[in-house]
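Okay, here's what each chain looks like letter by letter:
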Amino acid sequence: MVGIEKYTINVPEAKLQKLKQKLELADLPEHEIEGAGWKYGVPASETKRLVSYWLTNYSWRSQEATLNKLPHFKTKIAVDGFGELGVHFLHQESESENGSGSSGKSIPLLFVHGWPGSFLEVTRMLGGLGGGDGKPAFNVVVPSLPNYCFSDGVRKPGFELKQYAETCHKLMLKLGYKQYVVQGGDWGFMISRAIIHLYPESCKAMHTNWIFASPPAWTAENPEPEYSDREKAALARGQDWWAGDGRGYLAIQGTKPATIAAAHREPVALLTWIYEKLIGWSDSYAWTDDEVLTWVSLYYFSDAGPEASSYHYYEALHGSVITVSVVQSYIDIPLGLADFPVEISNAPKAWWGTLGPIVFSKSYNKGGHFAGWERPQDIADGLCEMFGKGGGAYGVVEGRSGY
C-alpha cells in the first residue's frame, strides 16, 4: 500500500554499548528490609540478580531477531492538530482459505496495548487467530502507540485519549479496513472505548480483558447485590490501585512525568519501575529473565525515549474530550468481556451492563493484568467464540464474517 513500508527493528550498536556501560557503572541499591519480600517493591537482591543477568547472559540481538520474524510496518498518520506521526505496527493477515488482505473475508482486529505493555503482548495469541477448525480468521493490526517503542513521540501538549483513538482509527482506514473490531486492556481499554464512542460507524464491536465499569444506580427494584468473595477481592485490588499503595506510579506519571523522566533514562531504574508491575499485576506468572528484559528493552530503546510513555498518563488524565465518565458510559456497540481473577480493577458482574450490550462474557480461573501474555489462548478462544458462527458478534463487520 502507498505510504506503508516494511520495518525492521535494528537498535544501533552504539545504543547497546552505552547500555552496557551504564549497567557496568550502575550504583545498585543495598538497603533491604529483612523478610519483606516484595512488600516495598523490587527487592535489592532481585535487582542485582537481574542486572547481572542483563550484563552477562541476555542477548538483545537474539530477541531482536525473533521479533523481526513478525510482520512489522511503519507509516505516517496525520493527527488533527499534531501533524504527521510515524506509527510502527504489526499487520498479520490470515493465511487460511478464508481469505486475507483488505479484500478478503478475515475480520480486521485492532489490538491496542497499554503500559507497561507493547505490541509484544499480542504475539503469543497470533497463532490462535488464523482461522480453520471452525474458527473465524482475523487480520490482526497491532500499533505501537505514539510515544511507545518504534512509533514517533509527541512534543506538543494535549495528546489525549481522543488523539490516540484517532491515530488507531486512521491506521485501520489506511490499511483499507472501513469497518473493524477492537481488543484491548489497560490503556487499550480506555482507547478502545474512545474509538467506539467516536467512530461507531467503523468500529463494530469491542472485546476487553479489563472491566473498568462504574456501578449502576441502585434502587428498591434493583438493589445492590451481595458480592462474591472473588468480586470483593477485585474491589479491594481496585481500591489499592486507584487510592492505595498501588497508586504511586499513577500519581507521579499522571501529574509530573518530567520529574521521573531522568530516572527512566537509567536502565536499572527503568527495570525496577516496570518489573514491579509485571510481578504485582500478574497471576503468579513465572516471568523468565529474558521476558522481563525484553519488555524493559522495548521501552529503553523506544524511538521517543524511555520516558515518553509516562506523558500518556498526564495527557489522558487531564483530557477534556474523552474522560473517565465517557469511557465508563453506556456505548451501544456489541461488547465482549474476559474476566480474569487477578486483574487490577475489575468490576463486579452486576456493574458490567453499564458499559454496553454484552454479547460475550467469560470468567476465567487464572490470569492477571497481562492476559494476552499470561493466558493467550484464553483471549484468542474468547475472540473466536464471540465473533465465530453462533457468537454474539458474528457478522458485525460487513462482508467479513471470518469464514
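Now for a look at the structure at hand. Treat the numbers as computed from the prediction; the structure is a model and nothing was measured.

## A word on helix H4 (residues 161–174)
- Taking 1.5 Å as the rise per residue, H4 with 14 residues should run 20 Å; its terminal C-alpha atoms sit 20 Å apart, in good agreement.
- Within H4, ten of the 14 residues are buried, which leaves it mostly tucked inside the rest of the structure.
- All buried positions along H4 are accounted for by Leu161, Gln163, Tyr164, Ala165, Glu166, Thr167, Cys168, His169, Leu171 and Met172.
- The first or second residue beyond H4 is Gly176, which carries a positive phi of 95 degrees.

## Section: unusual backbone geometry
- In this chain, Trp115 is followed by Pro116 through a cis amide linkage whose omega measures 5 degrees.
- Structurally, Pro116 is set in the loop between strand E4 (107–112) and strand E5 (130–132).
- In this structure, Asp133 is a non-glycine residue whose phi angle is positive, near 55 degrees.
- Inspection of the secondary structure puts Asp133 in the loop between E5 and strand E6 (135–143).
- With a phi close to 85 degrees, Asn147 is a non-glycine residue in the positive phi region.
- Following the sequence through the fold, Asn147 ends up in the loop between E6 and H4.

## Quick word on the layout of surface pockets
- Size it by volume and the largest pocket reaches roughly 450 Å³.
- Taken together, 17 residues form the lining of the largest pocket, with Asp240, Asp245, Gly246, Glu276 and Gly280 sitting closest to its centre.
- Looking at the lining of the largest pocket, the elements that each hand over two or more residues are helix H6 (229–243) and helix H9 (267–280).
- With four residues, H9 is the largest single contributor of residues to the lining of the largest pocket.
- For the lining of the largest pocket, the residue count by class is seven nonpolar, three polar and seven charged.

## Overview of the packing of aromatic side chains
- Counted by the stated rule, this structure contains 30 aromatic pairs.
- Every member of this aromatic cluster is reached through a ring pair, and the members are Trp115, Trp187, Tyr249, Trp281, Tyr285, Trp287, Trp295, Tyr313, Phe370 and Trp373.
- If you follow Lys156 out to its NZ or CZ, it ends over the ring of Phe82, 5.5 Å from the centre.
- Lying over the aromatic face of Tyr403, Lys389 brings its terminal NZ or CZ to 4.7 Å of the ring centre.

Cut-offs applied
- Residues numbered from 1 in each chain as written.
- Predicted model: local features only at pLDDT ≥ 70, side-chain atom pairs only at ≥ 80, totals over all residues.
- Heavy atoms only, no water.
- Helix = DSSP H or I, 4+ residues; strand = E, 2+ residues; numbered from the N terminus.
- Expected span 1.5 Å × (residues − 1).
- Buried < 20%, exposed > 50% of the residue type's maximum accessible area, 1.4 Å probe, protein only.
- 1 Å grid on protein atoms, 1.4 Å probe; cavity = no way out; pocket = protein on both sides within 12 Å on 5 of 7 lines; lining within 4 Å.
- Points joined across faces, edges and corners; volume = space filled by probe spheres on them.
- Nonpolar A, V, L, I, M, F, W, Y, C, P; charged D, E, K, R; others polar.
- Phe/Tyr/Trp six-rings, centres within 6.5 Å; stacked < 30°, edge-to-face > 60°.
- Lys NZ or Arg CZ within 6 Å of the ring centre and 35° of its normal.

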